Amino acid sequence: EVAHLDNTALAQLTTNARHPQLGNGLLATLQLPDVGDPATTAEKCAILNFLEASSWTAVPLLGGWHSHAIAEDKEVPAFSAFLPNALFQPGLADTYARWMVARAGWARREFYPGQVDTPLYEVLTKRRQQNH
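The structure presented is a predicted model; accordingly, all values stated were derived computationally and were not measured. (Residues numbered from 1 in each chain as written. Predicted model: local features only at pLDDT ≥ 70, side-chain atom pairs only at ≥ 80, totals over all residues. Heavy atoms only, no water.)

(A) Focus on the packing of aromatic side chains. Enumeration according to the criterion identifies 2 aromatic pairs in this entry. The interplanar angle of 70° and the centroid separation of 5.4 Å between the aromatic rings of tryptophan 65 and phenylalanine 79 together place this pair among those described as edge-to-face. Here tryptophan 65, found in strand 4 (residues 64–71), pairs with phenylalanine 79, found in strand 5 (residues 74–84); they are 14 residues apart in sequence, far enough to count as distant. With a relative accessible area of 0%, phenylalanine 79 lands in the buried category. Aromatic pair tyrosine 96 and tryptophan 99: ring centres 4.9 Å apart, planes at 50°, arrangement tilted. In this pair, tyrosine 96 and tryptophan 99 both sit in helix 2 (residues 92–111), 3 residues apart, roughly one turn of the helix. Across the ring face of phenylalanine 111, the terminal group of lysine 44 is positioned such that the distance to the ring centre comes to 4.7 Å. (Phe/Tyr/Trp six-rings, centres within 6.5 Å; stacked < 30°, edge-to-face > 60°. Helix = DSSP H or I, 4+ residues; strand = E, 2+ residues; numbered from the N terminus. Buried < 20%, exposed > 50% of the residue type's maximum accessible area, 1.4 Å probe, protein only. Lys NZ or Arg CZ within 6 Å of the ring centre and 35° of its normal.)

Laid out in structure tokens, this is it:
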């Protein structure tokens, strides 16, 4: 989990993903906590794809933003990138993880300029207290 305003974004690496044309590989995903209806989330993803393709983000645009359903009529912006096993190099998974963390910070700065992320330990402590 990565700090995102007063919540967290979820970055995940999955090593058993299968692509229909490229075979097995690494699937790197990032989900932002910005819950919205499908139309609003799709629009936000289109904006993120445009901004990431047309500006400097400090990470390569290998993948794309899309809507990810989390409940009926509730979606979040998500980013997915796939790296086939044929392109494996030591350290690439770590690099992809760092790119997802950087991408979460970039997206927050694009949509919420001037706002600061709450430290992760504070977010997790508050979440733990609410669950008890």
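Next comes the rest of the write-up.
(B) Representation of the pattern of salt bridges in the model. Taken as a whole and assessed by the stated rule, the structure comprises 5 salt bridges. Across the pair arginine 103 and glutamate 52 runs a salt bridge, and its minimum N-O distance is 2.6 Å. One end of the pair, arginine 103, is in helix 2; the other, glutamate 52, is in helix 1 (residues 38–54), and 51 residues separate them in sequence. Taking the relative accessible area as the measure of exposure, glutamate 52 reaches 4% and is therefore buried. Note that arginine 108 and aspartate 117 form a salt bridge whose closest N and O atoms lie 2.9 Å from each other. For arginine 108, a relative accessible area of 10% corresponds to the buried category. (Salt bridge = Lys/Arg side-chain N within 4 Å of Asp/Glu carboxyl O.)

(C) Here's a closer look at the nonpolar core. If you look at the biggest cluster of nonpolar residues, it comprises 17 residues, and the most contacted ones within it are Leu30, Leu32 and Trp65. If you list the elements that add at least two residues to this core, you get strand 3 (23–31), helix 1, strand 5 and helix 2. Residue contacts for tryptophan 65: discarding those within four places in its chain leaves Leu30, Leu32, Cys45, Leu48, Asn49, Glu52, Pro77, Ala78, Phe79, Arg103, Trp106 and Ala107. (Core = buried A, V, L, I, M, F, W, Y, C linked by side-chain atoms within 4.5 Å. Contact = heavy atoms within 4.5 Å.)

(D) Summary view of the packing of helix 1 against helix 2. Direction vectors running N to C along helix 1 and helix 2 enclose 105°, while the axes themselves pass 11 Å from each other. On the basis of the axis angle, helix 1 is roughly perpendicular to helix 2. Facing helix 1, whose interface residues are Lys44, Ile47, Leu48, Leu51 and Glu52, helix 2 presents Arg103, Trp106, Ala107, Glu110 and Phe111. (Axes fitted to C-alpha atoms, helices over the stretch in contact; angles between N-to-C directions. Parallel < 35°, antiparallel > 145°, perpendicular 65-115°, else oblique.)

(E) The arrangement of the pairing of strand 2 (residues 7–19) in detail. Relative to strand 2, strand 1 (residues 2–4) runs antiparallel, the two being bridged by 3 bridges. Bridging from a neighbouring strand, valine 2 pairs with alanine 9 of strand 2. In the sheet, strand 2 pairs with strand 3 via 8 bridges, with the strands oriented antiparallel. The residue of strand 3 that forms the bridge with leucine 13 is alanine 28. Hairpin geometry of strand 2 and strand 3 is characterised by an intervening segment of 3 residues between the two adjacent antiparallel strands. (Pairing = 2+ DSSP bridges.)

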